[in-house]
Number of protein chains: 2
Amino acid sequence: MNKIEPRTLAGFMELLPEEQILFEQMKQKIEKTYQKFGFLPLDTPIIELSEVLLAKAGGETEKQIYRFNKGDTDLSLRFDLTVPLAKFVAKNYGNLSFPFRRYQIGKVYRGEKVQKGRFREFYQCDIDIIGDGELSILNDAEIPNVIYTIFKELGFDDFTIRINNRKLLNGLFESLSQNENATEILRIIDKIEKIGKEAVIEELEKISVSKDSINKILEFIEIDGTTDEKISKLQNLNIENEMFKIGLEEITETIKYIRIFGIPENNFKLDLTIARGLDYYTGTVYETFLNEHREIGSVCSGGRYENLAEYYTNKKLPGIGISIGLTRLFYVLNELNLIKAEQKSISKVLVIPMAEDLKVPIEIANTLRKQGINTEIYLNDKKLKAKMKYADKLQIPYVIIVGEDEIDSGIVKIRNMETGEEKEWNYNESLKDVLI
Amino acid sequence: MNKIEPRTLAGFMELLPEEQILFEQMKQKIEKTYQKFGFLPLDTPIIELSEVLLAKAGGETEKQIYRFNKGDTDLSLRFDLTVPLAKFVAKNYGNLSFPFRRYQIGKVYRGEKVQKGRFREFYQCDIDIIGDGELSILNDAEIPNVIYTIFKELGFDDFTIRINNRKLLNGLFESLSQNENATEILRIIDKIEKIGKEAVIEELEKISVSKDSINKILEFIEIDGTTDEKISKLQNLNIENEMFKIGLEEITETIKYIRIFGIPENNFKLDLTIARGLDYYTGTVYETFLNEHREIGSVCSGGRYENLAEYYTNKKLPGIGISIGLTRLFYVLNELNLIKAEQKSISKVLVIPMAEDLKVPIEIANTLRKQGINTEIYLNDKKLKAKMKYADKLQIPYVIIVGEDEIDSGIVKIRNMETGEEKEWNYNESLKDVLI
């Protein structure tokens, strides 16, 4: 028979079990943290009607969509979890309690150019808080608490949640009569860390921003000092613009409550250069950086938007949310050897039967499982050496060998595979004390 | 602006949060049980090259495939988790430890005719044990241990794992020189419970099985009594056929070890009528029924196959596995009100601030979370009544109201939302004792 070469599509992550175990641990820590803050689970289909999914999309995103017909139906694979959320909330408005706090962790699809570390199928881990008509600014301060808890859980200490408010920027542009250019200006200043100040000035001149306005913009984004110093410098700019004033109030309030939420000063920062490319955001915006690995880019971003589902409903649904691109995050952390794993195997114990009689080893395995200990029993006919090698390769931390002697005496030895240390266990007793 | 009607495709399950919580609990119980037996996680892409995914498929399945082009590439969505497993094992053969025990829980896609309780996107929860060249029959006895543990975990007692061995049937047919008709005969006798004995005889006559052979076949599938009586009746059939003899040995061994694995007699059964439609299986086969709800059909099925990945590799990879169609199972159990939920909410506690000062309520929420208790804090400006209603609708079991008095005294009241009972808590102490 002719064989088909077994292969996986480029841009699609497929891990070996030992890596998958680490991936699952990261995923679970994120999910548990979302739950710890009371976010509700949601699981929307991966396939949606193109008409529904692409209600808003256009330009770059649309080209990347996996879109196809099944029979007469025009279908697309979701490219994020926000549009399905908007559809879901608009569809089920009457059955939801607001503020609606939901998390969703799932795969999304974008046919991006394949390159190292970029994926066409990847997990997003999202939370959003959706208000019915209104949503308190306190939510803007709670989101960093979630981000903080997640990255601590993942074993990081030196990270910074960078915060800004789009109303500051938009108000500034308005005061300079640059509303029309706002999106373009945002796009340019967003690049300042990458391309430098001079290049930003050049690009701003190209789109006919006046010298005076450029100076004001730079004066704004170059504001430095501590968070409190920055806020007082913003006040001193004396920008006479309503939106700017609201933005300043919002960011002041947000910072005040971020502190009450208990986020340490070195884990957050007011960063006036952060705009987030999308014109979607209308208030607070976040980006999160691992300070020793700035090159990775933001590992958790999001912000506040005025209206989640305007393409589907007249209801005003303001919201705030963040997203973690888990597949890419896992990939880069794994490359940098930065994944802190408590556990490298699924099984904690491998029971190895070495006698004809399987009653005792099976009983031991069942007993351990009832005590909540993941336990595998080696059921195939191999020499002891091969069985030990199996435990070793799977990095199973403990092995129990059950031969004739052990069956006769009722006492087995538990071998710590890392240290080689052995402890005796009378298997009618609880193992937990012996293992730890 | 014209609004797009927010809608979800027919045949795609999308649950409200209160149902999604129950779904996630079922999914997690299955996953935890798979892990308890040492199965390793795997997560393959949902999209594969059609050439790879459809290496084996044909007929009915192929029509149901979601298949499309992206650029020049012919792609398909996976329709089960077995073909991706075969691809994965063939591709990564050198990097795996055998027996390779993996679980995978993920969505698969089949464009079936839409009808109530049938889904086009649904979760399968699979385990498989793959041997390198050989795989001990003991594995056939361990699989029912996993099935048994799962359905006990899901809160069921009255279920039966029905077991058969395809070699018995195939050996019988061989002894009757009916090898050619084997698949067709299997298909017919598989229906005996549905269509009755007479209709089976009629259908067998239609495909020219001799009266004598029909009698032998019926004599075989009508064997009754206890499991041990059935085995001795099988021996007494005196069928002189090598395959039948091997099948009889295998099933005898399997039953012997199922008992040693501790499965109660009323939770398993030798059922000679079970064939499983697929010609894929070559040895032990399983179906699992909830006895009070036979109409649901088998809730967990699978079996032994000779060669997992013959379309991709010359390596002989025998295996055994089972699958739970979770989406359908959840749907029918939910319809029948048979889902046993320990927990109907994500949050265990809702903290309701009723004073200007948020320091204390936030501190309480953070403290509870650190103690492992999922806690939400109500952050929006509403009257107490609206906040209580929110807790009620989300079925959050405990509420803590924090007003001026509580802040002054350092003592809050924890209200059990079901009983109305209130307990005082000094929030510098651990809450766990108070809650339980």
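This text goes with the structure placed above it.
Thresholds, definitions, all that
- Residues numbered from 1 in each chain as written.
- Chains lettered and ligands numbered in written order.
- Predicted model: local features only at pLDDT ≥ 70, side-chain atom pairs only at ≥ 80, totals over all residues.
- Heavy atoms only, no water.
- Helix = DSSP H or I, 4+ residues; strand = E, 2+ residues; numbered from the N terminus.
- Buried < 20%, exposed > 50% of the residue type's maximum accessible area, 1.4 Å probe, protein only.
- Polar contact = N/O pair within 3.5 Å; in protein donor to acceptor, adjacent residues only side chain to side chain.
- Contact = heavy atoms within 4.5 Å.
- Salt bridge = Lys/Arg side-chain N within 4 Å of Asp/Glu carboxyl O.
- Pairing = 2+ DSSP bridges.
- Axes fitted to C-alpha atoms, helices over the stretch in contact; angles between N-to-C directions.
- Patch = residues over 30% accessible without salt bridge, like charges linked within 9 Å, V, L, I, M, F, W, Y side chains within 5 Å.
- Areas by Shrake-Rupley, 256 points an atom, 1.4 Å probe, with all protein chains shown as cover.
- Lys, Arg positive; Asp, Glu negative; His and termini not counted.
- Charge placed at Lys NZ, Arg CZ, Asp CG, Glu CD.
- Buried area = accessible area lost by both parts, 1.4 Å probe.
- Phe/Tyr/Trp six-rings, centres within 6.5 Å; stacked < 30°, edge-to-face > 60°.
- Lys NZ or Arg CZ within 6 Å of the ring centre and 35° of its normal.
- Disulfide = S-S within 2.5 Å.
- Parallel < 35°, antiparallel > 145°, perpendicular 65-115°, else oblique.
- Left-handed = near helix turned anticlockwise from the far one by under 90°.

Visitor: How do you make sense of the side chain of Asn165(A) when you look at a structure like this?
Guide: All names here are of chain A. Within the element layout of this structure, Asn165 appears in strand β7 (residues 159-165). Taking relative accessible area as the criterion, Asn165 reaches 0% and is therefore assigned buried. A polar side-chain atom of Asn165 sits 2.9 Å from a polar atom in the side chain of Glu250. Not counting chain neighbours up to four residues away, the residues in contact with Asn165 comprise Gly247, Glu250, Ile251, Gly283, Thr284 and Val285.

Visitor: Honestly, the pattern of salt bridges in this entry has me stumped. Any pointers?
Guide: Pairing is possible between side chains of opposite charge, provided their charged atoms come close. All names here are of chain A. The final tally for this structure, using the stated rule, is 55 salt bridges over all chains. The residue Arg259 makes a salt bridge to Asp228 at a minimum N-O spacing of 3.0 Å. Residue Arg259 is located in helix α12 (residues 242-260), and its partner Asp228 is located in helix α11 (residues 227-236); the two are separated by 31 residues in the primary sequence. The partly exposed category is assigned to Arg259, whose relative accessible area is 29%.

Visitor: Explain the sheet that holds strand β12 (residues 349-353) of chain B to me, please; I cannot follow it from the model alone.
Guide: Two orientations exist for strands paired in a sheet by backbone hydrogen bonds: parallel and antiparallel. Residues and elements named next belong to chain B. Spatially, β13-β12-β14-β15-β16 is the arrangement adopted by the five strands of the open sheet, whose pairing is mixed. The open sheet has two edge strands with one neighbour each: β13 (375-377) and β16 (422-426). Along the sheet, successive strands turn relative to each other by an average axial angle of 25°, direction set aside. Inspection of the sheet shows strand β14 (residues 398-402) paired to strand β15 (residues 411-416) by four bridges, in the antiparallel sense.

Visitor: Explain a negative patch on the surface here, please?
Guide: A cluster of acidic residues, Glu242(A), Glu249(A), Glu253(A), Glu356(B), Asp357(B), Glu404(B), Asp405(B) and Asp408(B), forms a negative patch on the protein surface. By secondary structure assignment, the location of Glu249(A) is in helix α12.

Visitor: Explain the interface of chain B and chain A to me, please; I cannot follow it from the model alone.
Guide: By a frequent convention, interface size equals the accessible area lost on bringing the separate parts together. On the side of chain A, 101 residues touch chain B, which itself brings 101 residues to the contact. Together, the buried faces of chain B and chain A total about 8,800 Å²; carbon and sulfur atoms form 60% of this surface. Looking only at chain B, the three residues that lose the most surface to chain A are Lys36(B), Asp43(B) and Leu379(B), adding up to 7% of its buried area. Seen at the junction of chain B and chain A, the total is 10 salt bridges.

Visitor: In this structure, what is going on with the pairing of β15(B)? I would like to understand it.
Guide: Within a regular strand, side chains alternate between the sheet's two faces. Residues Val412(B), Ile414(B) and Asn416(B) point to one face of β15(B) and are all buried, whereas Ile411(B), Lys413(B) and Arg415(B), pointing to the other face, are not buried. From the end of β15(B) to the start of β16(B), which pair antiparallel, there are five residues, and Gly420(B) there has a positive phi angle of about 80°.

Visitor: So what exactly am I meant to see when it comes to unusual backbone geometry here?
Guide: Peptide bonds are, in most cases, trans, and in most cases residues other than glycine have a negative phi. In this structure, Pro99(A) follows Phe98(A) across a cis peptide bond, with omega equal to -5°. Note on placement: Pro99(A) falls in the loop between α4 (82-91) and β5 (100-109). Despite not being glycine, Ser177(B) has its phi angle at roughly 55°, a positive value. Relative to the elements of secondary structure, Ser177(B) occurs in the loop between α6 (166-175) and α7 (182-189). Positive phi values are uncommon outside glycine, yet Ser208(B) reaches one of about 65°.

Visitor: Can you walk me through the sheet that holds strand β3 (residues 67-70) of chain A in this structure?
Guide: Residues and elements named next belong to chain A. Pairing is antiparallel across the open sheet formed by three strands, whose spatial order is β2-β4-β3. Two strands bound the open sheet, and with one partner strand each, they are β2 (47-49) and β3. Across the sheet, the axes of successive neighbouring strands diverge by a mean angle of 40°, strand direction being ignored. Sheet topology note: the β2/strand β4 (residues 73-77) ladder contains three bridges and is antiparallel. Along β4, the bridge assignment pairs Leu49 with Leu75.

Visitor: Which parts of the structure should I look at to understand the pairing of strand β6 (residues 121-130) of chain B?
Guide: Residues and elements named next belong to chain B. Most of β6 sits inside the fold, with 10 of its 10 residues counted as buried. Because side chains alternate across β6, one face comprises the buried residues Glu121, Tyr123, Cys125, Ile127 and Ile129, and the other comprises Phe122, Gln124, Asp126, Asp128 and Ile130, equally buried. Pairing of strand β5 (residues 100-109) with β6 involves 10 bridges; the strand directions are antiparallel. By the bridge assignment for β6, Arg101 is matched with Ile129.

Visitor: What am I meant to see in the side chain of Asn164(B) here?
Guide: Residue and element names in this part refer to chain B. With respect to the helices and strands, the residue Asn164 is situated in strand β7 (residues 159-165). In terms of polar contacts, Asn164 uses its side chain to reach the backbone carbonyl oxygen of Leu272, at 3.1 Å. Beyond its immediate sequence surroundings of up to four residues, Asn164 is in contact with Leu169, Ile251, Leu270, Asp271, Leu272, Thr273, Ile274, Gly283, Thr284 and Val285.

Visitor: How should I be thinking about the packing of aromatic side chains in this particular structure?
Guide: Enumeration over the complete set of coordinates arrives at 29 aromatic pairs over all chains. Taking the centre distance of 4.1 Å and the plane angle of 5° together, the rings of Phe68(A) and Phe68(B) count as stacked. One end of the pair, Phe68(A), is in strand β3; the other, Phe68(B), is in strand β3 (residues 67-70), on a second chain. In this structure Phe68(B) comes out as buried when scored by relative accessible area, which is 5%. Of the aromatic side chains, those joined through ring pairs into one cluster are Phe23(A), Tyr123(A) and Phe330(A). Sitting above the plane of the Phe39(A) ring, Arg101(A) keeps its charged end 4.4 Å from the centroid. The aromatic ring of Phe289(A) is capped on one face by Arg294(A), whose charged end is 4.3 Å from the ring centroid.

Visitor: Sorry, what's going on with the state of the cysteines here?
Guide: Residues and elements named next belong to chain A. As enumerated under the stated definition, the model contains zero disulfides over all chains in all. Among the cysteines around Cys125, which has no disulfide bond, Cys300 carries the closest sulfur, lying 9.4 Å off. Owing to a relative accessible area of 0%, Cys125 belongs among the buried residues under this scheme.

Visitor: What am I meant to see in the packing of α11(A) against α12(A) here?
Guide: When two helices pack together, their arrangement is given by the angle between the helix axes and by the axis-to-axis distance. All names here are of chain A. Relative to each other, α11 and α12 sit at 165°, their axes nearing to 11 Å. With respect to α12, the element α11 is oriented roughly antiparallel. Two packed elements cross with a definite hand, and for α11 against α12 that hand is left-handed. Across the interface between the two elements, Thr227, Asp228, Ile231, Leu234 and Gln235 of α11 pack against Phe244, Leu248, Thr252, Ile255 and Arg259 of α12.

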